[in-house]
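Spelled out from the first residue to the last, the chains are:
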Amino acid sequence: MSDAGTGTRRSEIPFRNPGWAGNTGEFDLREEEVRGEDYVGAIPADGGHPGASPARPYMLPDKDPSAPLFEGLYEERAQKILGRYPESRAALIPLLNMAQELRGHVSDETMREVGERLGLSLAYVRGVVSFYTMYNKRPVGRFLIQVCTNISCNLCGGDEVLAAFLEQTGTELGETSQDGLFTVMEVECLAACGFATAVQINSRYFENVSVDGVPDILSRLRSEAA
Ligand code: FES
């Protein structure tokens, strides 16, 4: 079978895309060209444009669980967020995202504060936080390593990759390493099934990860932290 218009047989086309954010093999874009040089903490504290909102929870590299949530630039940002919606309840998810960005996780106290700001009960806020697995319910390390063990990744060794991350960080599932750098979690499909095993570390995807690749990834993260 030939490629339309080129006369090239498909089998002759070199495999060039092991994952556009992949960590192995060749691809045309460098990772920093896709993601920017800094993968965490790149959103300005005031949130930038009033319409700007991270689509998912996001974390600063240095998390401070007791940082004031509604003060200074973060208060400005809260007001921008609130100004976007006719009903304050609609601001719940962006405010929770902001809280996780700053504090690294969403504790009961954070849920209470956000609920008070929006006139929502703790039970309502907890219902939202517990629905989304992207909200960390307890503190996590500098690098949150989420290993997919769903069907495609499982067939490609996801369980073994997860075990390698746990062993080489010296942690149990969900625990943070003693140096505060790593928390390893098992997650459901990361929507990168074509590049199994997929691993998400903070906001960054690593694809086609094998057990052999784990030491390199960890040493790269350690040097980034240093
Ligand atoms: S099964 Fe792992 S990314 Fe979909």
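Being a predicted model, the structure only gives us computed values, none of them experimental.

Criteria and thresholds
- Residues numbered from 1 in each chain as written.
- Predicted model: local features only at pLDDT ≥ 70, side-chain atom pairs only at ≥ 80, totals over all residues.
- Heavy atoms only, no water.
- Helix = DSSP H or I, 4+ residues; strand = E, 2+ residues; numbered from the N terminus.
- Buried < 20%, exposed > 50% of the residue type's maximum accessible area, 1.4 Å probe, protein only.
- Contact = heavy atoms within 4.5 Å.
- Areas by Shrake-Rupley, 256 points an atom, 1.4 Å probe, with all protein chains shown as cover.
- Pairing = 2+ DSSP bridges.
- Axes fitted to C-alpha atoms, helices over the stretch in contact; angles between N-to-C directions.
- Expected span 1.5 Å × (residues − 1).
- Arc of directions from axis to C-beta.
- Core = buried A, V, L, I, M, F, W, Y, C linked by side-chain atoms within 4.5 Å.
- Salt bridge = Lys/Arg side-chain N within 4 Å of Asp/Glu carboxyl O.

What about the overall build of the protein?
Piece 1. The secondary structure content of the protein amounts to 8 helices and 4 strands.
Piece 2. Its helices and strands in sequence order give the protein the pattern α-α-α-α-α-β-α-α-β-β-β-α, from N to C terminus.
Piece 3. Buried residues in the protein amount to 42% of all 226 residues.
Piece 4. Across the protein, every contact between residues at least 6 apart in sequence was considered, and the portion connecting residues at least 24 apart equals 63%.
Piece 5. When the accessible area of the protein is evaluated, it comes to approximately 11,900 Å², of which 53% is carbon and sulfur surface.

Description of the sheet that holds strand β3 (residues 199-201)
Piece 1. Sheet architecture is open: 4 strands sit in the order β2-β1-β3-β4, paired in mixed fashion. The two strands at the open ends of the sheet, each matched to only one other strand, are β2 (182-187) and β4 (204-206). Across this sheet, the average inter-strand angle for adjacent strands is 25°, counted without regard to direction.
Piece 2. Where β3 meets β4, 3 bridges bridge the pair, whose relative direction is antiparallel. Its bridge partner being in β4, Ile201 is matched across the sheet by Arg204.
Piece 3. On top of the sheet, helix α7 (residues 158-169) reaches β1 (143-148), β2 and β3; it is set at about 160° to β2, its chief contact.

What to know about helix α2 (residues 72-83)
Piece 1. With 12 residues, α2 should cover 16 Å at 1.5 Å per step; its first-to-last C-alpha distance of 17 Å lies within 8% of that length.
Piece 2. Where α2 is concerned, the buried positions are Tyr74, Glu75, Arg77, Ala78 and Ile81. In a view along the axis of α2, the buried residues occupy a sector of 160°, so they form one face of it. Set apart from the buried face of α2 by more than 90 degrees, the exposed residues are Gly72 and Gly83.
Piece 3. Of the surrounding secondary structure, the elements contacted by the buried residues of α2 are α3 (92-103) and α4 (108-118).

Things to note about the nonpolar core
Note on soluble globular proteins: their nonpolar side chains tend to be buried together.
Piece 1. Of all hydrophobic cores here, the largest spans 22 residues; its most connected members are Leu92, Leu95 and Leu96.
Piece 2. With 6 residues, α3 is the single largest residue contributor to this core.
Piece 3. Residues in contact with Leu92, not counting those within four places in the same chain, are Val114, Leu118, Leu120, Tyr124, Val125 and Val128.
Piece 4. Listed in part, the 19 residues of the second largest apolar core include Phe143, Ala164, Val199 and Leu218.

A short note on the pairing of β1
Piece 1. Buried residues dominate β1, accounting for 6 of its 6 residues.
Piece 2. Burial along β1 is two-sided: the face carrying Phe143, Ile145 and Val147 and the face carrying Leu144, Gln146 and Cys148 are both buried.
Piece 3. Relative to β2, β1 runs parallel, the two being bridged by 6 bridges. Bridge assignment links Leu144 to a residue of β2, and that residue is Thr183.
Piece 4. The sheet contact formed by β1 and β3 spans 3 bridges and is antiparallel.

Regarding the environment of Val129
Piece 1. Summarising the element assignment, Val129 is placed in helix α5 (residues 122-131).
Piece 2. Sequence-wise, Val129 and Ser107 are 22 residues apart; in three dimensions their C-alpha atoms are separated by 9.6 Å.
Piece 3. Ignoring sequence-local partners within four residues, the contact set of Val129 consists of Leu96, Val106, Met111, Tyr135 and Lys137.

Description of the pattern of salt bridges
Piece 1. Throughout the structure, instances matching the rule amount to 8 salt bridges.
Piece 2. Linking Arg103 and Glu113 is a salt bridge whose minimum nitrogen-to-oxygen distance equals 3.0 Å. Of this pair, Arg103 sits in helix α3 while Glu113 sits in helix α4, and the two are 10 residues apart along the sequence.
Piece 3. Of the residues examined, Arg103 reaches a relative accessible area of 5% and is grouped as buried.
Piece 4. Residues Asp108 and Arg126 are paired through a salt bridge, measuring 3.1 Å at the closest nitrogen-oxygen approach. Of this pair, Asp108 sits in helix α4 while Arg126 sits in helix α5, placing them 18 residues apart in sequence.
Piece 5. The exposure class assigned to Arg126 is partly exposed, which follows from its relative accessible area of 34%.
Piece 6. Among the charged side chains, a salt-bridge network with shared partners connects Arg204, Arg220 and Glu224.

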